Structures are given as structure tokens and as C-alpha cells.
Amino acid sequence: MGIYQTTEGGNNWRRRKRKKSNRGVIFRNRRYTIAGIIVLAVLTVALIIRSIVLGSGYRVDVDASEPAIDVRLLDVNPYSRPGIQSNGITGVVIHYTANPGSTAQENRDYFNGLQYSHETSASSNFVVGLDGEIIQCVPTWEVAYASNDRNYDTVSIEACHPGEDGKFTRETYESLVQLTAWLCAKFDLTEEDVIRHYDITGKDCPKYFVENEGAWQTFKEDVKGALERSQKE
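Let me sum up the structure you'll find in this document. Everything numeric here is computed off the predicted structure, so don't read it as measured data. (Residues numbered from 1 in each chain as written. Predicted model: local features only at pLDDT ≥ 70, side-chain atom pairs only at ≥ 80, totals over all residues. Heavy atoms only, no water.)

### Details of the side chain of Asp-63
Stated formally: A run of DSSP states H or I qualifies as a helix once it reaches four residues; a run of E qualifies as a strand once it reaches two. Both are numbered from the N-terminal end. Exposure is judged per residue with a 1.4 Å probe applied to protein chains only, and the accessible area is read against the type maximum: over 50% gives exposed, under 20% gives buried, and values in between give partly exposed. As used throughout, the charge tally considers Lys and Arg to be positive and Asp and Glu to be negative, leaving His and the chain termini uncounted. Criterion for a salt bridge: a side-chain nitrogen of Lys or Arg within 4 Å of a carboxyl oxygen of Asp or Glu. What qualifies as a polar contact is a pair of N or O atoms within 3.5 Å, subject to a donor-acceptor requirement within protein and to the restriction that residues adjacent in sequence count only when both atoms come from side chains. What makes two residues a contact is simply this: any of their non-hydrogen atoms within 4.5 Å.
Tracing the chain through its elements places Asp-63 in the loop between α1 (2–54) and β1 (70–71). Although Asp-63 is buried, it makes no salt bridge; Arg-229 carries the closest opposite charge, 7.7 Å away. Side chain to side chain, Asp-63 and Ser-65 meet in a polar contact 2.6 Å long. Those residues within four positions of Asp-63 in sequence are excluded, and the remaining contacts are Gln-178, Ala-181, Ala-226, Arg-229, Ser-230 and Glu-233.

Okay, structure coming up:
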């Protein structure tokens, strides 16, 4: 009987030890799993913050060569193309259409139609579409009604966007970078001569670049990079 009790007690002790060991393994696994989830969450948040703070999230590899431009000049008229020669270009002004989902052609046609509707006075030298297409509405040596007090010494670019937040598609963004860089090279300017409509009037235009300063700075850096690539060629 004494031997039986001793053996049974030993078995119970071993079972308790195994259970305790198993609980330790489970606890460690849970701890590692929780730690992994926390690390993943932190990395995800960091990537989101980086995208918001640093810029557009797009990687561009364009230069300052002349992009494909569809020249569809507006009719000369007092409301959108006055036919007045500029005073010499000293800057490039970036705008957004403030009309989500509209195309470059639709915006060009709106400008041209102002000669009949007399709704307002508005235009732009260029419009960049949702698929990256570029339409020229007004020659670069003529005034466009886009940038208020800077109409006479700047070239203006309107960019289309799919949503209310004003963020551009990848295709729009890449064409906008290349077009801006090409204009800078054409008029002997740098990325520091590229401004927003907001910088002239305080208007929320282009919306995404006004509300996301990091995205604006990244855009200027991308323009600089495009200029540098062309200089190396």
C-alpha cells in the first residue's frame, strides 16, 4: 500500500508539473502573439502617418522633358482667353478643379463656354486629367484668368481629382510633376518658383496640397528631382 501511494503521488506530481509547463508555454505564446499584434499595429499606423505627413504616397520617376500635350486652345474672348500677352513668366501656379470626377476636356469646355454664359471669368493655361492627359487651353505667353494678381507673370495648371478631398490620381500626379518641371525648365525656374493658388489668395486650392503640407513639399521635391534627372541626361 505504501508503495502504491508513493507511485500514485509521483504520477500526480508529474501531471501537475506537465500542466504547469503547458500553461507556461500557452502564456508565452499568447504574450508573443500580443506583442506581434502590437508591433504590426504600430508599423501600420507609422506607415499611415508617413503617407499623410510626407506626401502623396506615389513614387515618381519622370524627368523635365516635354510631356504629351493636347493643344485645344480656347476661343479668344473676354471671359476666359483675353488674348493679352503676359509680362514674362516668373512662376507656375498649381490649382485643382474643385469639381470631383470631372475630366480635363469637360473643364476645358467649361472655360470655353464662359464666352456665352458670362457666368464668371476663369481659365487656365493647362488642365491635367484623371488619366494623366494634358490639355492646353491658353498659350503660355498669354494671360489666363486663374491666379488673381499673378495672372500676368505666371503659368497656371488646373488638376482634376476623383474625390472631395482633392487628392490626385497617380496618373494625374505624375503628369503634373512632369508638366511643372518642363515649365520650370522652359522658363528657367526652380521648384521654389512653384506655388499654390493658396499662396496668392489664401483660397483652399489645391485642396489636398493646402490641407497636407507634407504632400505639397513632396510634390516640390518631385519637381526638383525631375529637373535634376533632365540635367544629368
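### Observations regarding the environment of Asn-99
Residue placement: Asn-99 occurs in the loop between β2 (91–96) and α2 (104–117). The exposure class assigned to Asn-99 is partly exposed, which follows from its relative accessible area of 39%. A sequence separation of 63 residues divides Asn-99 from Pro-162, and the C-alpha atoms of the two residues are 8.5 Å apart.

### As for unusual backbone geometry
With omega at -5°, the peptide bond leading from Cys-205 into Pro-206 counts as cis. As for its placement among the helices and strands, Pro-206 is situated in the loop between α4 (197–201) and α5 (207–211). Positive phi, normally seen in glycine, also occurs at Asn-148, with a value near 55°. Structurally, Asn-148 is set in the loop between β4 (134–136) and β5 (154–159). Even without glycine at this site, Asp-188 takes up a positive phi of about 60°. Within the element layout of this structure, Asp-188 appears in the loop between α3 (170–186) and β6 (194–196).

### Things to note about the pattern of salt bridges
Applying the stated criterion across every chain yields a total of 10 salt bridges. Residues Asp-109 and Arg-108 are paired through a salt bridge, measuring 3.1 Å at the closest nitrogen-oxygen approach. Linking Arg-150 and Asp-153 is a salt bridge whose minimum nitrogen-to-oxygen distance equals 2.8 Å. Assessed through its relative accessible area of 18%, Asp-153 is described here as buried. Ionic contacts of the salt-bridge type, sharing partners, join the residues Arg-196, Asp-199 and Glu-213 into one network.

### Things to note about the pairing of β2
How we decide: Two strands qualify as a pair provided that DSSP identifies no fewer than 2 bridges between them.
In terms of burial, β2 is largely enclosed, as six of its six residues are buried. Of the two faces of β2, the one holding Gly-91, Val-93 and His-95 and the one holding Val-92, Ile-94 and Tyr-96 are both buried throughout. Here β2 runs beside β5; their pairing, made up of six bridges, is parallel. Of the residues in β5, the one forming a bridge with Tyr-96 is Ala-159.

Keep in mind that these numbers describe shape and distance, not what the molecule does.
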